[in-house]
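Structural characterization, general
Spelled out, the chains give:
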Amino acid sequence: YATLYETLVTTVRMIAPFVPFFAEEMYQNLVRHAGLAGAKQSVHLDDYPTVDASAIDEPLARTMAAVRDVVSLGLSVRTANKLKVRQPLEAADVVLNDGSLREVLADHEALIREELNVHEVRFMFPGHEKGAVSFRFKPNFKTLGPRLGKQVQEIKKQLEVADGGALFAQLSSMGKISVLVGGQPTELVPSELEVVVEAAEGFAAETGRVGVVVLHTVLTDALVDEGLLRELLSRVQAGRKELKLAFTDRVRVTVSGSERVLRVARAGRAQVLRECLAVEVTVADTPSEGTLQLGEESVTVTLAPVGA
């Protein structure tokens, strides 16, 4: 909250010359109404923000950029393979192009695990992903054509028969690969190549700037139940919004639906109480037809504000 507050107030000061009335209203709400000591009467009487270079942490910025790259790539894998983010998965294997990032990212493993909604994140060296994915390399004709002309076709043939895994390991460790063109070794950099990653059954993967993210996609009964509970929690939170409840308002929750939904709701009662600010969770004694579909299951969720 403190970081968000400072960001908003600094932004208000920055935009004041360009959107004076909008900035003034935000300033009054954020600063004046907060009763801060020494606050100016108007944003237009306050000082314009100045850069504090000492507050910039470049190593942290690079680290978090890498974290974002991994998370973004993992979410792309989910989207491409129609894997809902609310459905937990067993593991994500991250094969990094830059081995020096391995220990740095390991410090943020919990954050990556939460963002990708997996039970385990493993940082691997190129070659350890064998059995889960394979690689095929193609020349990028747009960038290689102007440099090598007709020889690009020769490169294409060599890449088609090459060991994709070995090439990927070479590209990861050296930042380039070497092929023979007219009997002479020729180096190719990432911008001159297209890397296609193919996942084996039970896995889904994509490659990007940071490396490769491989998701384990086999769903056990326990994982399906966990995903169903998350869907149920989402339904309760949506119900709170529909009732226009305040963040601190308490509710009573009643759940009915299919047999599996009832079993999951009973097992997750404590989590519903905690996360949805519920004082009571009532689960139907017998299965019934629900009004909402959660995958293959049906559920009805009823909310009653406490005191209503």
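Here is a short report on the structure shown in this document.

1. Observations regarding the packing of helix H9 (residues 221-242) against helix H10 (residues 259-267)
Orientation of H9 relative to H10, taken along the N-to-C sense of each, is 80 degrees, at an axis distance of 10 Å. Considering the angle they form, H9 stands roughly perpendicular to H10. Contact with H9, carried on its side by Asp-221, Val-224, Asp-225, Leu-228, Leu-229 and Leu-232, involves Arg-260, Val-261, Arg-263, Val-264 and Ala-265 of H10 and no other residues of that element. Of the residues assigned to the contact of H9 with H10, the class counts are seven nonpolar, no polar and four charged.

2. Brief notes about the nonpolar core
Most often, soluble globular proteins have nonpolar side chains that are buried together. In terms of nonpolar packing, the biggest core is built from 23 residues, with Phe-137, Ile-155, Leu-159, Ile-177 and Val-212 touching the most fellow members. Secondary structure elements with two or more residues in this core: strand E3 (133-139), helix H6 (141-148), helix H7 (151-161), helix H8 (164-174), strand E4 (177-181), strand E6 (193-199) and strand E8 (211-216). If sequence neighbours within four positions are ignored, Val-212 has contacts with Leu-73, Asp-93, Val-94, Val-95, Phe-135, Phe-168, Val-197, Ala-205, Glu-206 and Thr-207. Of all hydrophobic cores here, the second largest spans 22 residues; its members include Val-71, Leu-83, Leu-116 and Leu-215.

3. Considerations on a nonpolar patch on the surface
Together, Met-14, Phe-18, Val-19, Phe-22 and Tyr-48 give the surface a local cluster of nonpolar side chains, amounting to about 560 Å² of exposed area. If you trace the backbone, Phe-18 turns up in the loop between helix H1 (2-15) and helix H2 (20-32).

4. Some remarks on the sheet that holds E8
Adjacent strands of a sheet form backbone hydrogen bonds with each other and so pair up, either parallel or antiparallel. Strand order in the open sheet formed by four strands is E2-E1-E8-E7, with mixed pairing between adjacent strands. Looking at which strands have only one partner, the edges of the open sheet turn out to be strand E2 (118-124) and strand E7 (203-207). The mean angle between the axes of side-by-side strands here comes to 15 degrees, regardless of whether they run parallel or antiparallel. In the sheet, E7 pairs with E8 via five bridges, with the strands oriented antiparallel. Across the sheet, the residue bridging to Thr-207 is Val-212, located in E8.

Rules behind the numbers
- Residues numbered from 1 in each chain as written.
- Predicted model: local features only at pLDDT ≥ 70, side-chain atom pairs only at ≥ 80, totals over all residues.
- Heavy atoms only, no water.
- Axes fitted to C-alpha atoms, helices over the stretch in contact; angles between N-to-C directions.
- Helix = DSSP H or I, 4+ residues; strand = E, 2+ residues; numbered from the N terminus.
- Parallel < 35°, antiparallel > 145°, perpendicular 65-115°, else oblique.
- Contact = heavy atoms within 4.5 Å.
- Nonpolar A, V, L, I, M, F, W, Y, C, P; charged D, E, K, R; others polar.
- Core = buried A, V, L, I, M, F, W, Y, C linked by side-chain atoms within 4.5 Å.
- Buried < 20%, exposed > 50% of the residue type's maximum accessible area, 1.4 Å probe, protein only.
- Patch = residues over 30% accessible without salt bridge, like charges linked within 9 Å, V, L, I, M, F, W, Y side chains within 5 Å.
- Areas by Shrake-Rupley, 256 points an atom, 1.4 Å probe, with all protein chains shown as cover.
- Salt bridge = Lys/Arg side-chain N within 4 Å of Asp/Glu carboxyl O.
- Pairing = 2+ DSSP bridges.

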